[in-house]
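Secondary and tertiary structure notes
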Amino acid sequence: MKASYFPDHFIWGVATASYQIEGAAYEDGKGLSVWDQFCKKEGAILYGDNGDIACDHYHHYAEDIQLMSQLNIPAYRFSLSWPRILPEGTGHINQKGLDFYDRLVDSLLEKNITPHVTLFHWDYPQALLDKGGWLHPDSPLWFEEYTRVVVERLSDRVEHWMTLNEPFCHIFLGHKTGEHAPGFKLSDKDILQIIHNTYLAHGRSVLALRSLARRKPRVGIAMVGSPVLPATESPEDIEAARQAMFNLKGDGSDLSTIGLWFDPLFLGKYPEGYEKVFAGVLPDIGPEDMKIMSQPLDFLGLNIYYSGRVRMGKDGPEGIPETLGMGRPRTTMNWPITPEGLYWGPRFFYERYKLPIYITENGMANLDWVYADGKVHDPQRIDFLTRYLLQLNRALSEGVDVRAFMHWSLLDNFEWAFGFDRRFGLIHVDYQTQKRTLKDSAYWYSTLIQTNGRSLFNP
Ligand code: GCO
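Everything numeric here is computed off the predicted structure, so don't read it as measured data.

With that settled, consider the pattern of salt bridges. Pairing between side chains of opposite charge can happen when their charged atoms approach one another. Throughout the structure, instances matching the rule amount to 31 salt bridges. Among the salt bridges present, the one from glutamate 233 reaches arginine 394, with a minimum N-O distance of 2.9 Å. Taken together, the residues span a long stretch of sequence, with glutamate 233 in the loop between β6 (229–230) and α10 (235–246) and arginine 394 in helix α15 (residues 379–397) at a distance of 161 residues. The partly exposed category is assigned to glutamate 233, whose relative accessible area is 48%.

Turning our attention to the sheet that holds strand β2 (residues 75–79). Taken together, the eight strands give a closed barrel; going around it, the order is β1-β2-β3-β4-β5-β7-β10-β11, and neighbouring strands pair in parallel fashion. Direction aside, neighbouring strands of the sheet carry axes that sit 25 degrees apart on average. Of the pairings in the sheet, the one linking strand β5 (residues 218–224) to strand β7 (residues 299–303) comprises five bridges and is parallel in character. Within the sheet, the bridge partner assigned to alanine 222 lies in β7 and is glycine 301.

Turning our attention to a nonpolar patch on the surface. A cluster of nonpolar side chains, namely Leu367, Trp369 and Tyr371, defines an oily patch on the protein surface of about 350 Å² accessible area. Within the secondary structure, tryptophan 369 sits in the loop between β10 (357–362) and α15.

Moving on, we come to the layout of surface pockets. Taken as a whole, the second largest pocket spans an internal volume of roughly 210 Å³. Along its surface, the second largest pocket is lined by 15 residues, and Met364, Asn366, Leu367, Pro379 and Gln380 are the ones closest to its centre.

It is worth spelling out the site of the ligand at this point. The full set close to the ligand counts 13 residues, and Gln20, His121, Glu166, Glu361 and Glu415 are the nearest of them. Between an oxygen atom of the ligand and a side-chain N or O atom of histidine 121, the distance comes to 2.7 Å. When the ligand is considered free in solution it has 310 Å² of accessible area, and contact with the protein chains removes 95% of it. Grouping the constituent residues of the shell around the ligand by class yields six nonpolar, four polar and three charged.

Quick look at helix α16 (residues 440–450) now. Within the sequence span of α16, burial applies to Ser441, Ala442, Trp444, Tyr445, Ser446, Leu448 and Ile449. Turning to α16, the residues buried within the fold contact β1 (11–15), α15, β11 (402–408) and β13 (435–438). Looking one or two residues beyond α16, the residue adopting positive phi is asparagine 452, at roughly 50 degrees.

This model, assessed by the stated rule, comprises 50 aromatic pairs. Here the aromatic rings of phenylalanine 6 and phenylalanine 10 are separated by 5.1 Å at their centres, their planes lie at 70 degrees, and the arrangement is edge-to-face. A single burial state applies to phenylalanine 6 and to phenylalanine 10, both of which are buried. Judged by centre distance (5.6 Å) and plane angle (15 degrees), the rings of tryptophan 369 and tyrosine 371 are stacked. Classification of tyrosine 371 as partly exposed rests on a relative accessible area of 32%. Here the aromatic residues Tyr19, Trp35, Phe38, Trp122, Phe414, Trp416, Phe420 and Tyr431 are joined through ring pairs into a cluster of three or more.

Counted according to the given criterion, the structure contains three cavities of 30 Å³ or more. Here the largest cavity defines a volume of roughly 50 Å³. Taken together, Ser18, Tyr19, Glu22, Gly23, Ala25, Lys30, Gly51, Ser81, Arg84 and Asp123 make up the lining of the largest cavity. Grouping the amino acids of the lining of the largest cavity by side-chain chemistry returns two nonpolar, four polar and four charged.

Look at the link from alanine 181 to proline 182: it is a cis peptide, with omega at 5 degrees. With respect to the secondary-structure elements, proline 182 resides in the loop between α8 (167–175) and α9 (188–212). The omega torsion of the bond from tryptophan 408 to serine 409 falls at 10 degrees, within 30 degrees of zero and hence cis. In this structure, serine 409 sits in the loop between β11 and β12 (427–430). Unusually for a residue other than glycine, asparagine 334 sits at a positive phi of about 70 degrees. You can call asparagine 334 partly exposed: its relative accessible area is 40%. Positive phi, normally seen in glycine, also occurs at glutamine 434, with a value near 65 degrees.

Cut-offs applied
- Residues numbered from 1 in each chain as written.
- Predicted model: local features only at pLDDT ≥ 70, side-chain atom pairs only at ≥ 80, totals over all residues.
- Heavy atoms only, no water.
- Salt bridge = Lys/Arg side-chain N within 4 Å of Asp/Glu carboxyl O.
- Helix = DSSP H or I, 4+ residues; strand = E, 2+ residues; numbered from the N terminus.
- Buried < 20%, exposed > 50% of the residue type's maximum accessible area, 1.4 Å probe, protein only.
- Pairing = 2+ DSSP bridges.
- Axes fitted to C-alpha atoms, helices over the stretch in contact; angles between N-to-C directions.
- Patch = residues over 30% accessible without salt bridge, like charges linked within 9 Å, V, L, I, M, F, W, Y side chains within 5 Å.
- Areas by Shrake-Rupley, 256 points an atom, 1.4 Å probe, with all protein chains shown as cover.
- 1 Å grid on protein atoms, 1.4 Å probe; cavity = no way out; pocket = protein on both sides within 12 Å on 5 of 7 lines; lining within 4 Å.
- Points joined across faces, edges and corners; volume = space filled by probe spheres on them.
- Near = heavy atom within 4 Å.
- Polar contact = N/O pair within 3.5 Å; in protein donor to acceptor, adjacent residues only side chain to side chain.
- Nonpolar A, V, L, I, M, F, W, Y, C, P; charged D, E, K, R; others polar.
- Contact = heavy atoms within 4.5 Å.
- Phe/Tyr/Trp six-rings, centres within 6.5 Å; stacked < 30°, edge-to-face > 60°.

Following this line, the structure appears as structure tokens:
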């Protein structure tokens, strides 16, 4: 393929999340988040790192915005820290917390950078966890209250909203495997109830945004969007990939089946066989619940990193487990490099849910350091992005309605349980000095943006 299919109004951006970059964990009246607490747990985070300071973005935001502006980045996806705004999760409002986001939004707009706000990217208020967290029947109301406070303050300037980031990771890694905050290992029954409550929270938040926002909002959600890839492009293998993504299997693995996470939000029902597969552990479902959680959205955000593959076997889809080994390419997360995810992901999700697609995250962790020449050379990242974006271009060329691409991440940052060990940024951060250095990939991305993707074809 030689032509660039990125449409004229395609949104190029970069993404971050509050706990991963802000620091100032104990400043200006911020309440505790579950991540503040989790990081104190022995062995929870690699090398005992924590987000107390992180990229100190709370104090360096002007510099970070200046760097974005220098790179001509038109859109910035960031999240708000719920406990910075409502230290107890509900009730008392911390004006200084809201003031920070005011300054951030104003500074972005001054530089013509469009803010894309995620309301919740995992730094849940500890005070609410102490009351029962997402298992509490009032948890959807708590999130609605938080949404109202934010919309009240920012919606005169912010138009682009995402309610939640990756409910799958937050719920599964946080409450099932215990790798992420709050570090719980709950029963399947509790997990299904948490999904249900989280989705009600999302629905109520969308309703609040639509009824209160002063500027007409564009509302979506950022989901784990890595598809299952077909082993070949035969119709049978393509069908196998679809089935593996969306159909429940009843083999004990269904808490990670994509259909379980997407269908309630976008089709207003749990996938076929839900009652049977999860008999005995089903959540309480009120008569209006499915309607509330499936509020119409303006776009579907997909975070896509890497994928597994299947082929069609005699009895349905068969996984092809071997994605690493034999020296295959991988990132420093040990994730295989599977660029076709940016073709099949948008295609499969657009086909099933018929919403415009935003790629809300894509990128890779690399072993980056500042070279003797003072620069950060990261050809792997440039190659990774080239390969992935060419696949996105293929999706666009076939009519998939993709509207945005947000690189994860603007800056190296706190990569959750991996601490500062995994660097995803276009900008290198020296955490000892807080010095920022633009990586080669930052300049490359800037050119890509300025040519609206055409530089992919004339590197
Ligand atoms: C995510 C997380 C990011 C991660 C990134 C790399 O949405 O999974 O949003 O916070 O840092 O995905 O693992």
